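# Working through the structure, step by step
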Amino acid sequence: MDTKVYYIDNDAVINEAAYLIKKGETVVFPTETVYGLGANALDEKACEKIFMAKGRPQDNPLIVHVDNKDISKFVKSIPENVKILIDRFWPGPLTIILEKKDIIPDSITGGLKSVAIRMPESTIARKLIKASGVPIAAPSANLSGKPSPTTIDHCIRDLSGRVSMIIGGVECRCGLESTVVEAGETSVTILRPGEVTKEMIEDLGIKVDIDPTIMESLGDVVPKSPGMKYKHYAPDSDMTIVTGDLNKVIDYINNEAKKIALEGKRVGIIATNETLGEYHNGTVLSIGSRGNLNEVASKLFDVLREFDKIGVDYILSEGFIDEGVGLAIMNRLKKAAGHKVIKL
Ligand code: AMP
Ligand code: MG
């Protein structure tokens, strides 16, 4: 298939993209989290094309993107908790799971009775939804299993020839996928951590639980969010995260990197601005400043993809605290590393 690519996102481009969405085709577009691979959420055939293009398992449900806080057309009821969340965090990087109405096809929810729904902050995304006149189902615009795309070039590399159009030249502000919550009457459960943190939701007086599968390898426990059970964010090379006292982490990584280099293998190190100069072997990339975890979040997938481009055999990464947005950073790093973590 020919893929039209526009590095701009003016109204003419958005209208052309909206025309394709209305016709049942697929369009890749930027959001504030990561780039999305979109199709008309009410059109099963169109959404099938999303699963095909990504190689996504059919039981991994899609997030429905809307341009309006009124979602009563799509979900059966909206608990008080959810009204508060919508008021505070929409438009923004928070996805809410609610019982779906029949208008949402079963095939996009992986057969579940619930639907994941979000109003993005990105004006391009919202303009596209508005111009299309339909909600847009859009998972991250990467091949299944690969790191999510935060630039148009990431999308082109994964999906050129597999979708009808790719638009947008902007980098994604958050760089990590949205926080996903399942909402109960009296509390919410975070199924996937993101920029909207546990602490931010608790500040609204809402009780927050965290799905236990977020931080540990799964074992026999099945995560509530079907997508969380699949291999995710994986760079081409093996990866290990090293956590603990920062000086010890630096020493450990230096020793391991030396051993790997002596074996004639190529090693990549994920460092931070503060530690960049401390490493003596391999290719060292900074993921941002330890003092600015939002910066680390926004660079994470780009750094993983950069190591794929450079071509290394092994990646050693520094770890981060798992509080605030650090919880989302460590969740993605641990998945990328297949949960190989050295605690010092
Ligand atoms: P992505 O679209 O790639 O950002 O992935 C969407 C995430 O939301 C996946 O982890 C899905 O499993 C999760 N998700 C979507 N719909 C539901 C749902 N109805 N119930 C639980 N998790 C969901
Ligand atoms: Mg994804």
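Source: prediction; values computed, not measured. Within each chain, residue numbers correspond to sequence positions counted from 1 in written order. Chains carry letters and ligands carry numbers; both start at the beginning, A for chains and 1 for ligands, and go up in the order they are written. With pLDDT at 70 or above as the cut-off, local features in this predicted model cover only qualifying residues; side-chain atom pairs require 80 or more to be listed or tallied, and sums for whole chains, interfaces and linings still use all residues. Just so you know, side-chain values use all the structure's heavy atoms and leave hydrogens and water out.

Moving on: the overall build of the protein chain. What the protein chain contains, in helices and strands, is nine helices and 16 strands. Scaling as 2.2 N^0.38, a compact globule of 344 residues should have a C-alpha radius of gyration of about 20 Å, and the protein chain matches this with 20 Å. In terms of its C-alpha atoms, the protein chain occupies a principal-axis envelope of roughly 60 × 50 × 35 Å. Only protein chains enter the accessibility calculation, which uses a 1.4 Å probe. A residue is then buried if its area is under 20% of the maximum for its type, exposed if over 50%, and partly exposed in between. Burial analysis of the protein chain (344 residues in total) assigns 55% to the buried set. Only DSSP runs of H or I with at least four residues qualify as helices, and only runs of E with at least two residues qualify as strands; both kinds are numbered from the N terminus onward. Atoms considered for the radius of gyration are the C-alpha atoms alone. The globule rule reads 2.2 Å times the number of residues to the power 0.38.

On to empty space enclosed by the protein. For cavity detection a 1 Å grid was placed over the protein atoms alone, and a set of points counts as a cavity when a 1.4 Å probe fits there but cannot get out; an open set counts as a pocket when protein lies on both sides within 12 Å along at least five of seven lines, with lining residues being those that have an atom within 4 Å of a point. Grid points are joined across faces, edges and corners, and a volume is the space filled by probe spheres set on the points. By the definition in use, this model includes one cavity of 30 Å³ or more. As a volume, the largest cavity reaches approximately 40 Å³. Taken together, Ile190, Pro193, Gly194, Val196, Thr197, Lys198, Gly324, Leu327 and Ala328 make up the full set of residues lining the largest cavity. Put simply, Ala, Val, Leu, Ile, Met, Phe, Trp, Tyr, Cys and Pro go in the nonpolar bin, Asp, Glu, Lys and Arg in the charged bin, and everything else, Gly too, in the polar bin. Split by residue class, the lining of the largest cavity holds five nonpolar, three polar and one charged.

The next subject is the state of the cysteines. Two cysteine sulfurs form what is called a disulfide whenever their separation falls within 2.5 Å. Enumeration according to the criterion identifies zero disulfides in this entry. The thiol of cysteine 47 is unpaired, and the distance to the nearest cysteine sulfur, on cysteine 155, comes to 18 Å. We classify cysteine 47 as buried; its relative accessible area is 1%.

By the burial criterion, the buried members of helix 2 (residues 44-54) are Ala46, Cys47, Ile50, Phe51, Ala53 and Lys54. Taken together, the buried residues of helix 2 touch strand 3 (36-40), strand 7 (136-137) and helix 5 (152-159). As used in this structure description, the phrase polar contact means that two N or O atoms lie within 3.5 Å; if the pair is within protein, one of them must be able to donate a hydrogen and the other to accept it, and residues adjacent in sequence are counted only when both atoms belong to side chains. At the N-terminal end of helix 2, a side-chain oxygen is found 3.0 Å from the backbone nitrogen of lysine 45, two or three residues along, and the residue is aspartate 43. Just beyond helix 2, the residue with positive phi is glycine 55, at close to 70 degrees. Contacts were defined at the residue level, with two residues in contact if any of their heavy atoms lie within 4.5 Å.

Taken together, the side chains of Glu199, Asp203, Glu216, Asp322 and Glu323 make up a negatively charged region of the molecular surface. Tracing the backbone through its elements, the reader meets glutamate 323 in the loop between strand 15 (314-318) and helix 9 (325-336). Like-charged residues are merged into a patch within 9 Å and nonpolar side chains (Val, Leu, Ile, Met, Phe, Trp, Tyr) within 5 Å, provided each residue has over 30% relative accessible area and no salt bridge. Per-residue and other accessible areas follow the Shrake-Rupley method at a 1.4 Å probe size, with only the shown protein chains counted as cover for residues. Throughout this description, the term salt bridge denotes a Lys or Arg side-chain nitrogen within 4 Å of a carboxyl oxygen of Asp or Glu. Only four residue types enter the tally: Lys and Arg on the positive side, Asp and Glu on the negative side; His and the chain ends are excluded. In this description, the location of a charge corresponds to atom NZ of lysine, CZ of arginine, CG of aspartate or CD of glutamate.

It is a general feature of regular strands that their side chains alternate between the two faces of the sheet. Burial within strand 6 (residues 114-118) is extensive, with four of its five residues counted as buried. Strands are treated as partners if at least two bridges between them are detected by DSSP. Pairing of strand 4 (residues 63-65) with strand 6 involves three bridges; the strand directions are parallel. Looking at strand 6, one finds that valine 64 is bridged to isoleucine 117. Examined bridge by bridge, strand 5 (residues 94-99) and strand 6 share four bridges and lie antiparallel to one another. By the bridge assignment for strand 6, isoleucine 97 is matched with alanine 116.

With parallel pairing, five strands are arranged side by side in an open sheet as 14-13-15-12-16. Because the sheet does not close on itself, it has two edges, and the strands there are strand 14 (283-286) and strand 16 (341-343). Strand-to-strand, the axes of this sheet are offset by a mean angle of 20 degrees, without reference to chain direction. Helix axes are fitted only over the stretch in contact, all axes being lines through C-alpha atoms; the angle between N-to-C directions runs from 0 to 180 degrees. Sheet strands touched by helix 7 (residues 246-262): strand 12 (238-243), strand 13 (267-271), strand 15 and strand 16. Its angle to strand 15, the strand with the most contacts, is close to 170 degrees.

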